[in-house]
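These are the residues of each chain, in order.
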Amino acid sequence: MIYPISEGIFVTEDTRKVNSNTLFLKTAQNSKYIEELDKNIKIITPKELIRKWGLNDLQVIGITGTNGKTTTASIIYSILTDLGYISGLQGTRGFFLNDKRVEDKSLTTPSILQTLHNMKLAKEANAKFFVMEVSSHAIVQNRIEDIKFALKVFTNVTQDHLDYHGSIQEYRKVKSSFFLDDGLKLINKDEAKKIVFNSHKAYTYSLDEPSSFKIEAFSLQGGIKAAINHLGEMATFESNLVGLFNVYNLAAAVASVKLVTKHSLEEICDEVINFGGVSGRMEVVSHNPSVVVDFAHTPDGMLKVLESIKDRDIAVVFGAGGDRDKNKRPKMGLAAAKYAKKIYVTSDNPRSEEPKSIIDDIIAPLNGKEGVETIIDRKEAIRKAIKELQDDEVLLILGKGDETYIEINGKKIPFDDREVAKEAILEFKN
């Protein structure tokens, strides 16, 4: 990765690409390779690059949490755009600028150089705001070093990435570290006991606990309708999104925009209805039969999705990723069993692991439960679930969302849950 800094001068964070015209960006991740460089190579730090590109003028909003990062960031970006601001959005879905996709999907939080370059593109487009997802990996690896955040947002923390962090305690510690500074922050009050944060300039949002932005009432019938109270200022919003978890995401987004702009709560809430949703997040593939695809891949994420339609008879297709936290697998099985009438356990990016071994881990606590099937081939699992789907049932296909591949032994094989589902619907339901 190499980017121009100025006329004839470039910057890279790859030691193999430096030369007399290319500066080396010294970061927390690559500083150990400095000794390999020729002594004549010029070095620049993220702080110096930020200053050179004038990036401190951008108001950066960073969102972190186990679930809700992508949706919350996307809603914030949507509201800001509809209010007339030029903004950038960086995250799992890629990089967007002024309502156009500039780059396809990448890491939730890419390298510091790529982030700074995206911020530079946003600044050149006269953007006022830069909204970004911040992963726990990026916090640990300091892939956000020297970025000045105008606002930091905490959604929630549940079990995930323990293969990397080692324990839920360490995972929470990592999330907490993002909120220990004196800057402006927004905390989910209903989840606040799970992390430690600096109370200076800390605002909160909630459905249950008293907070700075309190959802006073809400309805989940035919979408979401809610009333929000900010220190006596009241407003209502409507959304086509579904599920209790999206009430939290919407509240966080409304609160965030209120904190970084001078708009009234009513003006902000009026723009909520324009947000159409995030691809692969509670995405309706078909209304008749009812088939929904979602990215939920943790026990808590699954529970929230399942709870959002618990008034329906549910069938669910899901698996668990290989070479990742094994402890969450049986918990995912139990989450499915709590609400689903039919359970199809299958593959989900098995990577280097044997799919059957992963499936066995998931179904371990479901011994003897009726309605549980194991089908290693994900395509066949989706097809069978749709073929057997009754008119009064809804099928949830969980774990991959809008991913367009399945990863097996280092290879990414083209695969899209939505396309497989649509083909099966045409075959079995028409």
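Data block above holds the structure.
These numbers come from a predicted model, not from an experiment.

Peer 1: Teacher, can you tell me more about the pairing of strand β19 (residues 340–345) here?
Peer 2: Remark: a regular strand shows side chains that alternate across the two faces of the sheet. Among the six residues of β19, five are classified as buried, and the element is accordingly described as predominantly covered. Pairing geometry for strand β18 (residues 313–318) and β19, over five bridges, is parallel. By the bridge assignment, Val317 is partnered in β19 with Tyr344. Taking the sense of rotation as the criterion, the β-α-β connection linking β18, helix α10 (residues 328–339) and β19 turns out right-handed. As defined by bridge partners, β19 adjoins strand β20 (residues 372–374) across three bridges and the pair is classed as parallel. If you follow Ile343 over to β20, its bridge partner there is Val372. The parallel pair β19 and β20, bridged by helix α11 (residues 355–363), forms a crossover whose chirality is right-handed.

Peer 1: Looking at this model, I keep getting lost on the nonpolar core. Mind explaining?
Peer 2: Where a protein is soluble and globular, its nonpolar side chains tend to be buried together. Ile61, Ile79, Phe237 and Val254 are the most contacted members of the largest nonpolar core, which totals 45 residues. The greatest single-element share of this core, amounting to eleven residues, is contributed by helix α7 (residues 244–260). Not counting chain neighbours up to four residues away, the residues in contact with Ile61 comprise Ile76, Leu80, Phe129, Phe130, Val131, Met132, Phe149, Leu151, Val153 and Val260. Core analysis: the second largest hydrophobic core is formed by 36 residues, Leu25, Ile50, Leu58 and Met119 among them.

Peer 1: Can you walk me through the packing of helix α9 (residues 299–308) against α10 in this structure?
Peer 2: The axes of two packed helices give the description: the angle between them and the distance between them. In the contact formed by α9 and α10, the axes pass within 8 Å of each other and the chain directions differ by 10°. With respect to α10, the element α9 is oriented roughly parallel. On α10, the residues touching Pro299, Met302, Leu303, Leu306 and Glu307 of α9 are Lys328, Lys331, Met332, Ala335, Ala336, Lys338 and Tyr339. The residue makeup of the contact of α9 with α10, split by class, is eight nonpolar, no polar and four charged.

Peer 1: Looking at this structure, how should I read the pattern of salt bridges?
Peer 2: Pairs may arise between side chains of opposite charge once their charged atoms sit close together. Under the definition given, this model contains 23 salt bridges. Among the salt bridges present, the one from Asp417 reaches Arg378, with a minimum N-O distance of 2.9 Å. Of this pair, Asp417 sits in helix α13 (residues 417–428) while Arg378 sits in helix α12 (residues 378–387), and the two are 39 residues apart along the sequence. The class for Asp417 is buried, based on a relative accessible area of 0%. A salt bridge links Lys384 to Glu388; the shortest N-O distance between them is 2.4 Å.

Peer 1: Sorry, what's going on with the packing of α12 against α13 here?
Peer 2: It is at 9 Å that the axes of α12 and α13 come closest, and there the two elements cross at 40°. The orientation of α12 with respect to α13, classified from their angle, is oblique. As for how α12 packs across α13, the hand of that crossing is right-handed. Across from Arg378, Lys379, Ile382, Arg383, Ile386 and Lys387 in α12, the residues of α13 making contact are Asp417, Val420, Ala421, Glu423, Ala424, Ile425, Glu427 and Phe428. Residues that form the contact of α12 with α13 fall into these classes: seven nonpolar, no polar and seven charged.

Peer 1: How should I be thinking about a nonpolar patch on the surface in this particular structure?
Peer 2: A cluster of nonpolar side chains, contributed by Phe218, Leu220 and Leu244, occupies part of the molecular surface with about 240 Å² of accessible area. Topologically, Leu220 is positioned in the loop between β13 (213–219) and β14 (224–230). Look at Leu220 and you get partly exposed, because its relative accessible area is 35%.

Peer 1: How should I be thinking about the sheet that holds strand β4 (residues 43–44) in this particular structure?
Peer 2: Pairing between the strands of a sheet is mediated by backbone hydrogen bonds and can be parallel or antiparallel. An order of β1-β2-β3-β4 is seen for the four strands of this open sheet, with the pairing classed as mixed. Bordering the open sheet on either side are β1 (2–6) and β4, each of which pairs with just one other strand. Bridge count between strand β2 (residues 9–12) and strand β3 (residues 22–25): three bridges; the pairing is parallel. Directly across from Phe10, in β3, lies its bridge partner Thr22. Set on the sheet, helix α3 (residues 112–124) makes contact with β1, β2 and β3; between it and β1 the angle comes to about 50°.

Peer 1: Teacher, can you tell me more about the packing of aromatic side chains here?
Peer 2: Given two aromatic rings, one states the distance between the centres and the angle between the planes to describe the pair. Tallied over the entire structure, the rule returns five aromatic pairs. Where Phe95 meets Phe130, the ring centres are 6.1 Å apart and the plane angle is 45°; that geometry is what we call tilted. Here Phe130 lies in strand β9 (residues 129–133) and Phe95 lies in strand β7 (residues 94–97), a separation of 35 residues in the sequence. Taking the relative accessible area as the measure of exposure, Phe130 reaches 0% and is therefore buried. Considering the side-chain rings of Phe149 and Phe178, the 5.3 Å spacing of their centres and the 85° angle between planes classify their relative orientation as edge-to-face. Here the residue Phe149 occupies a position in strand β10 (residues 149–154), and Phe178 occupies one in the loop between α6 (168–177) and β11 (185–188), the gap between them amounting to 29 residues. Here Phe149 falls in the buried class, since its relative accessible area comes to 13%. The exposure class of Phe178 is buried, given its relative accessible area of 3%. What links up through ring pairs into an aromatic cluster is the set Phe149, Phe154, Phe178 and Phe179. Between Arg281 and the ring centre of Phe295, over which it is positioned, the NZ or CZ distance is 4.4 Å. One cation-aromatic arrangement involves Lys412 over Tyr405; the distance from NZ or CZ to the ring centre is 4.6 Å.

Cut-off values and rules
Residues numbered from 1 in each chain as written. Predicted model: local features only at pLDDT ≥ 70, side-chain atom pairs only at ≥ 80, totals over all residues. Heavy atoms only, no water. Buried < 20%, exposed > 50% of the residue type's maximum accessible area, 1.4 Å probe, protein only. Helix = DSSP H or I, 4+ residues; strand = E, 2+ residues; numbered from the N terminus. Pairing = 2+ DSSP bridges. Right-handed = clockwise from strand over helix to strand, strands pointing away. Core = buried A, V, L, I, M, F, W, Y, C linked by side-chain atoms within 4.5 Å. Contact = heavy atoms within 4.5 Å. Axes fitted to C-alpha atoms, helices over the stretch in contact; angles between N-to-C directions. Parallel < 35°, antiparallel > 145°, perpendicular 65-115°, else oblique. Nonpolar A, V, L, I, M, F, W, Y, C, P; charged D, E, K, R; others polar. Salt bridge = Lys/Arg side-chain N within 4 Å of Asp/Glu carboxyl O. Left-handed = near helix turned anticlockwise from the far one by under 90°. Patch = residues over 30% accessible without salt bridge, like charges linked within 9 Å, V, L, I, M, F, W, Y side chains within 5 Å. Areas by Shrake-Rupley, 256 points an atom, 1.4 Å probe, with all protein chains shown as cover. Phe/Tyr/Trp six-rings, centres within 6.5 Å; stacked < 30°, edge-to-face > 60°. Lys NZ or Arg CZ within 6 Å of the ring centre and 35° of its normal.

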